[in-house]
Amino acid sequence: MKRDQRLDDFHAVYLGLVLGFMLPADAPLWLPIIGGVVSVGLGKMIFGGLGANPFCPPAIGWAVLMICWPTLVDASSVVLNNDFLDPLFRLKYFGVSDATANFTYGSLLLGQQMGGLGSSQVGALIAGGVIAALRMDISFETPLGFIIGIYALGGAMHLAAPETYAPATFHLLSGNVVLGAFFLATEFGGSPIRPIPRLLYGMIIGMPTCLVRAFGQYANGLAFSVLLGYLAMPLL
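Just so we're clear, the structure is a prediction, and the values are computed from it rather than from any experiment. (Residues numbered from 1 in each chain as written. Predicted model: local features only at pLDDT ≥ 70, side-chain atom pairs only at ≥ 80, totals over all residues. Heavy atoms only, no water.)

Caption draft 1: A look at a nonpolar patch on the surface. Together, L109, I126, V130 and L134 give the surface a local cluster of nonpolar side chains, amounting to about 340 Å² of exposed area. The biggest single contributor to the nonpolar patch is helix α8 (residues 122-134), with three residues. Along the chain, L109 turns up in helix α7 (residues 105-109). (Patch = residues over 30% accessible without salt bridge, like charges linked within 9 Å, V, L, I, M, F, W, Y side chains within 5 Å. Areas by Shrake-Rupley, 256 points an atom, 1.4 Å probe, with all protein chains shown as cover. Salt bridge = Lys/Arg side-chain N within 4 Å of Asp/Glu carboxyl O. Helix = DSSP H or I, 4+ residues; strand = E, 2+ residues; numbered from the N terminus.)

Set out below in structure tokens:
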């Protein structure tokens, strides 16, 4: 980690791209601009720059935007003006039976759902994440732990009350989960460096995701789960 900081490392471009993937396509132009400034300034530079940030910068940017302008950030807020459906909106306000009746796992995988500009393209994100892991650009333990956490808690909740809680696979293929598993949780500034801590760290993020969706205020609060995982990282 003694590498000199450079202007051409494209890390800010990466942060902006990931943040843009989490925002709806009809977001006003000023929204990603403010989000980008918050992500880089509050999530990265205030702590010393590249590699010194203890939190995931895009998650901080998204969380600030969500708290300040929830109707502009949450794609489900325009669901009444659109024929496309948001699976998490249906799950949160209409129940498991309605959500699972309107979506198949195949349609979710192919991105046939309302969501962020890029986060809803689940199949493409899985392909990109696998390629990045094979190239060793990201660790595979963190996404694996994330998925294990989703299936462990989400599956247990569904088995306990299938009429109330969605199947774990539904959670995995809807919202920002795949984007979070491969491209948010693996942001190297605040993620562990050893294999077992990476696996546990991924599980710590994956499990609260199900809890936020089931009991939280937001239908899709993945970024808050990511920030929670970053808080727990020093313990690993």
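Caption draft 2: Quick peek at the packing of helix α1 (residues 11-22) against helix α11 (residues 177-184). Closest axis-to-axis distance for the α1/α11 pair is 11 Å, and the angle between their directions is 170°. Considered as vectors, α1 and α11 are oriented roughly antiparallel to each other. Of α11, the residues touching α1 (which contributes Y14, V18, F21 and M22) are L179, F183 and L184. Class assignment of the residues belonging to the contact of α1 with α11 gives a composition of seven nonpolar, no polar and no charged. (Axes fitted to C-alpha atoms, helices over the stretch in contact; angles between N-to-C directions. Parallel < 35°, antiparallel > 145°, perpendicular 65-115°, else oblique. Contact = heavy atoms within 4.5 Å. Nonpolar A, V, L, I, M, F, W, Y, C, P; charged D, E, K, R; others polar.)

Caption draft 3: Region of the structure containing the packing of α1 against helix α3 (residues 57-68). In the contact formed by α1 and α3, the axes pass within 9 Å of each other and the chain directions differ by 40°. Between α1 and α3, the interaxial angle falls into the category oblique. Pair α1 / α3 crosses with right-handed handedness. Residues L15, V18, L19 and M22 of α1 pack against P57, P58, G61 and W62 of α3. Among the residues making up the contact of α1 with α3, the classes are represented as seven nonpolar, one polar and no charged. (Left-handed = near helix turned anticlockwise from the far one by under 90°.)

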